[in-house]
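Residue-level structural notes
One letter stands for each residue in the lines below.
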Amino acid sequence: AEARAALDAAVVRVAQDTNPRDAANVAWAFATLGLMPGAEARAALEAAVVRVGPDMNPQNVSTTLWSVLSLAATRAVPLPACYPSLWQAACGLEERSFNRVEIRMLFHAHLIHTELVGGVARGEVTFPPWIMHQAREAWMYSARDDVTVSRSVKEIASILGDLGIRNEVERLTDDG
C-alpha cells in the first residue's frame, strides 16, 4: 500500500513536466503492473496525455492506447476522456511510421477496443484507415510466424504425443 501511494504521489508530482515518452511509459507501467492509478494520479496522467498528445510519435501513441485499453479490459478502469483523441493522433500518423512492434501493439489495442471495451468508449472513436489491412497483417504475422516456443514446451508436447494425447503447442483460431 505504501509503494502504491508513493507511485501515485510521484505521478501527481511530475505529470505536469512529462514529455510524450514519459506519459506513455507511466501509462504502460500502470498497465503492466495491473494497477489502477488513484484518482489524483489518474487525473494528472490524463492531463499530461492531453497536453503532450499532439506531440506523440507512433511509439507513444501505440503504448498509451494499449495501456489504457489493457487496464479497461482487465481492471475495469474507465477509459480517459482523452481516449478518442489518442486514436485521432494515430490517424494522423502514417502506417509506415510505425515499426513492427508498434503497429502490432496498435492493432492489439484495436482488438481490445472492438472485442472487449468498445461499448464503454467515451465519445466517437475513429481508427486509422489502414488498421484492418497493414496493422492486422503485422499482428497476424506475429501470431503465426513470429512465435518462439521454449525447448521444454516442445519436449512436453512431444511426450504427450508419444502417449497418444493430441495437443497443440501454438495454434491460430479460425478468425486469426
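Residues numbered from 1 in each chain as written. Predicted model: local features only at pLDDT ≥ 70, side-chain atom pairs only at ≥ 80, totals over all residues. Heavy atoms only, no water.

1. What about the overall build of the chain?
For the chain, the count of helices and strands is 8 helices and 0 strands. Across the chain, helices and strands are ordered from the amino to the carboxyl terminus as α-α-α-α-α-α-α-α. Counting only residues that meet the buried cut, the chain has 39% of its 176 residues in that class. Considering only contacts within the chain whose residues lie at least 6 apart along the sequence, 76% involve residues at least 24 apart. (Helix = DSSP H or I, 4+ residues; strand = E, 2+ residues; numbered from the N terminus. Buried < 20%, exposed > 50% of the residue type's maximum accessible area, 1.4 Å probe, protein only. Contact = heavy atoms within 4.5 Å.)

2. Re the nonpolar core
Nonpolar side chains tend toward joint burial in soluble globular proteins. In terms of nonpolar packing, the biggest core is built from 38 residues, with Leu65, Leu69, Tyr83, Trp87 and Leu106 touching the most fellow members. Taken together, the elements giving at least two residues each to this core come down to α2 (20–33), α3 (39–52), α4 (58–75), α5 (83–91), α6 (100–117) and α7 (131–144). The element best represented in this core is α4, accounting for 7 residues. (Core = buried A, V, L, I, M, F, W, Y, C linked by side-chain atoms within 4.5 Å.)

3. Comments concerning α6
A rise of 1.5 Å per residue sets the reference length of α6, with its 18 residues, at 26 Å; its end C-alpha atoms lie 24 Å apart and thus fit the reference within 8%. All of the buried residues in α6 are Glu102, Ile103, Arg104, Leu106, Phe107, Ala109, His110, Ile112, His113 and Val117. One side-chain oxygen of the residue at the start of α6 lies 3.0 Å from the amide nitrogen of Val101, identifying that residue as Asn99. (Expected span 1.5 Å × (residues − 1). Polar contact = N/O pair within 3.5 Å; in protein donor to acceptor, adjacent residues only side chain to side chain.)

4. Considering unusual backbone geometry
The backbone of Ala76 sits at a positive phi, close to 55 degrees, despite the residue not being glycine. Its place among the elements puts Ala76 in the loop between α4 and α5.

5. Some points on the packing of α4 against α5
For any two helices packed against each other, the geometry comes down to the angle between their axes and how far apart the axes lie. The geometry of α4 relative to α5 is characterised by a closest axis approach of 10 Å and an angle of 150 degrees between their N-to-C directions. If you check the angle between α4 and α5, you find them roughly antiparallel. Considering the relative orientation of α4 and α5, their crossing is left-handed. Taking contact as the criterion, the partners of Val61, Thr64, Leu65, Val68 and Leu69 in α4 are, on α5, Tyr83, Leu86, Trp87, Ala89 and Ala90. Looking at side-chain class alone, the contact of α4 with α5 contains 9 nonpolar, 1 polar and no charged residues. (Axes fitted to C-alpha atoms, helices over the stretch in contact; angles between N-to-C directions. Parallel < 35°, antiparallel > 145°, perpendicular 65-115°, else oblique. Left-handed = near helix turned anticlockwise from the far one by under 90°. Nonpolar A, V, L, I, M, F, W, Y, C, P; charged D, E, K, R; others polar.)

6. Here's the deal with α3
Over its 14 residues, α3 extends 20 Å from the first C-alpha to the last, a length consistent with the 20 Å expected when each residue adds 1.5 Å. All of the buried residues in α3 are Ala41, Arg42, Ala44, Leu45, Glu46, Ala48, Val49 and Val52. Close packing links the buried residues of α3 with α1 (2–14), α2, α4 and α5.

7. Structural notes on the packing of aromatic side chains
If you walk through the whole model with that rule in mind, you get 2 aromatic pairs. Ring geometry for Trp87 versus Phe127: centroids 4.8 Å apart, planes at 80 degrees, classification edge-to-face. Placement of Trp87 in helix α5 and of Phe127 in the loop between α6 and α7 is noted, with a sequence separation of 40 residues between them. For Phe127, a relative accessible area of 23% gives the class partly exposed. (Phe/Tyr/Trp six-rings, centres within 6.5 Å; stacked < 30°, edge-to-face > 60°.)

8. Some words on a nonpolar patch on the surface
Taken together, the side chains of Ile159, Leu163 and Ile165 present a nonpolar region at the surface, about 300 Å² in accessible area. Locating Ile159 in the fold gives a position in helix α8 (residues 151–162). (Patch = residues over 30% accessible without salt bridge, like charges linked within 9 Å, V, L, I, M, F, W, Y side chains within 5 Å. Areas by Shrake-Rupley, 256 points an atom, 1.4 Å probe, with all protein chains shown as cover. Salt bridge = Lys/Arg side-chain N within 4 Å of Asp/Glu carboxyl O.)

9. With respect to the pattern of salt bridges
Oppositely charged side chains are able to pair whenever their charged atoms sit close together. Using the criterion set out here, one finds 3 salt bridges in the structure. A salt bridge links Arg4 to Asp8; its shortest N-O distance comes to 3.9 Å. Taken together, the positions of Arg4 and Asp8, both in helix α1 and 4 residues apart, correspond to about one turn of that helix. Arg21 is paired through a salt bridge with Asp22; the nearest N and O atoms lie 3.8 Å apart.

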